[in-house]
Amino acid sequence: MKAFVNSLEIDSISKSHDIANKDENNHFDSFKKDEAIKQFHDSFIYNLVYLKKLLPKVILQLIADLRVFALNKTSSTVINAVTKFCEENERSISTARDNYRRYYKEASISFGKEIVEKFGFHDCTIIKSVPNGKSLTLRLDNKGGFTNIDEVTFENFNIIKQDDLLEDTWWLYEEVYKVNDKYEFHVLLQNREMRLIDFIISADQVSFYSNKK
């Protein structure tokens, strides 16, 4: 893989670094070549893994060399296929979003007032997951979010799906449903490795705690 980090790429990285780190007196920070190579290589490997997971098999089969594709070089045939794939995904997401909004508008009438007003943790980070008998508490870092809630507790809970650990994940999106007289919470998270995590939990009730008075 390191063979792809050729002299031209190093030169490009060096020039970009010089421009970005030039101060008002035209002085430059020293360029750290080994550090830049490692950064480029790590990013390149991440892109390879991500593309293999993201793209469907039919598109992967069109790509002659995924390593070259990861460097943003490909044929018009692949570009057209990826564009179509992205457009179809966007339509699917838009349809699902609209369907949920219609559902929530009607169903939220029967939801508890606190759930309607407080269950929204976009851009928060889950610090710790604390099970305690029949309850599960998620402790949140809400500095990046739009809430003052520090903890959310699910009472008489049942985890339906959990793709990975919850700790140190970024809260992206949530949906709330009422299923058989229980609440069902669908949460999309992202961990430090940029992996998306589906977390679905049902509970009889939810309570909220804030350190802010």
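What you see is a predicted model; the values in this text were computed from it and never measured.

Here the largest pocket defines a volume of roughly 650 Å³. Lining the largest pocket are 16 residues; nearest its centre among them are Tyr50, Leu54, Leu172, Leu188 and Leu196. For the lining of the largest pocket, the element with the most residues is helix H2 (residues 33-54), which contributes 5 residues. In terms of lining, the second largest pocket is formed by Lys161, Asp163, Tyr173, Glu174, Glu175, His186, Val187, Leu188, Leu196, Asp198, Phe199 and Ile200. Elements that contribute at least two residues to the lining of the second largest pocket include exactly strand S5 (169-179), strand S6 (182-190) and strand S7 (196-203). In terms of residue count, the dominant contributor to the lining of the second largest pocket is S7 (4 residues). When grouped by side-chain class, the residues that make up the lining of the second largest pocket number 6 nonpolar, 1 polar and 5 charged.

Once that is clear, we can look at the nonpolar core. With 27 residues, the main nonpolar core has Phe119, Phe121, Leu138, Val152, Phe154, Trp171 and Phe185 as its most contacted residues. For Trp171, the contacting residues outside a window of four places in its chain are Phe119, Phe121, His122, Asp123, Cys124, Ile126, Leu138, Leu140, Val187, Leu188 and Leu189. Counting residues in hydrophobic clusters, the runner-up holds 13 residues, among them Leu48, Leu55, Leu66 and Ala70.

Counting all residues, the mean pLDDT for the protein is 88, and 85% of those residues have values of 70 or more. Predicted confidence for residues 1-10 stays below pLDDT 50, and this span has 19 contacts to residues more than four positions away or in other chains.

Spacing of three or four residues puts side chains on the same side of an α-helix, whose turn is 3.6 residues. Its 22 residues give H2 an end-to-end C-alpha distance of 31 Å, which sits within 8% of 32 Å, the value for a rise of 1.5 Å per residue. Residues of H2 that are buried: Ala36, His41, Phe44, Leu48 and Leu51. Angular distribution of buried residues about the axis of H2 spans 130°; they occupy a single face of the element. Exposed side chains of H2 directed beyond 90 degrees from the buried face belong to Asp34, Glu35, Lys38, Gln39 and Lys53.

What follows concerns the sheet that holds strand S3 (residues 151-155). Sheet architecture is open: 8 strands sit in the order S4-S7-S6-S5-S1-S2-S3-S8, paired in antiparallel fashion. At either end of the open sheet lies a strand with only one pairing partner, and these are strand S4 (158-162) and strand S8 (205-209). On average, each strand axis in the sheet is tilted by 20° relative to the strand beside it, whichever way the strands run. As defined by bridge partners, strand S1 (residues 125-132) adjoins strand S2 (residues 135-141) across 7 bridges and the pair is classed as antiparallel. Each bridged residue has a counterpart across the sheet, and for Ile126 the counterpart in S2 is Leu140.

Glancing now at unusual backbone geometry. In this structure, Asn180 takes a positive phi of about 50° despite not being glycine. In this structure, Met194 takes a positive phi of about 70° despite not being glycine. Summarising the element assignment, Met194 is placed in the loop between S6 and S7. Taking relative accessible area as the criterion, Met194 reaches 41% and is therefore assigned partly exposed.

With that settled, consider the side chain of Asp150. Among the secondary structure elements, Asp150 is positioned in the loop between S2 and S3. Engagement of the side chain of Asp150 in a polar contact is seen with the backbone nitrogen of Asn211, the distance being 2.5 Å. Asp150 has contacts with Leu138, Arg139, Leu140, Asn142, Tyr209, Ser210, Asn211 and Lys212, leaving out every residue within four places of it along the chain.

Our next topic: helix H5 (residues 76-107). Taking 1.5 Å per residue, 32 residues should reach 46 Å; H5 reaches 46 Å between its end C-alpha atoms and fits that length. Looking at H5, one finds that the buried residues are Val78, Ala81, Val82, Phe85, Tyr100 and Ala107. Looking at the packing, one finds that the buried side of H5 touches H2, helix H3 (57-60), helix H4 (66-69) and S5.

Cut-offs used in this document
Residues numbered from 1 in each chain as written. Predicted model: local features only at pLDDT ≥ 70, side-chain atom pairs only at ≥ 80, totals over all residues. Heavy atoms only, no water. 1 Å grid on protein atoms, 1.4 Å probe; cavity = no way out; pocket = protein on both sides within 12 Å on 5 of 7 lines; lining within 4 Å. Points joined across faces, edges and corners; volume = space filled by probe spheres on them. Helix = DSSP H or I, 4+ residues; strand = E, 2+ residues; numbered from the N terminus. Nonpolar A, V, L, I, M, F, W, Y, C, P; charged D, E, K, R; others polar. Core = buried A, V, L, I, M, F, W, Y, C linked by side-chain atoms within 4.5 Å. Buried < 20%, exposed > 50% of the residue type's maximum accessible area, 1.4 Å probe, protein only. Contact = heavy atoms within 4.5 Å. pLDDT = per-residue confidence, 0-100. Expected span 1.5 Å × (residues − 1). Arc of directions from axis to C-beta. Pairing = 2+ DSSP bridges. Axes fitted to C-alpha atoms, helices over the stretch in contact; angles between N-to-C directions. Polar contact = N/O pair within 3.5 Å; in protein donor to acceptor, adjacent residues only side chain to side chain.

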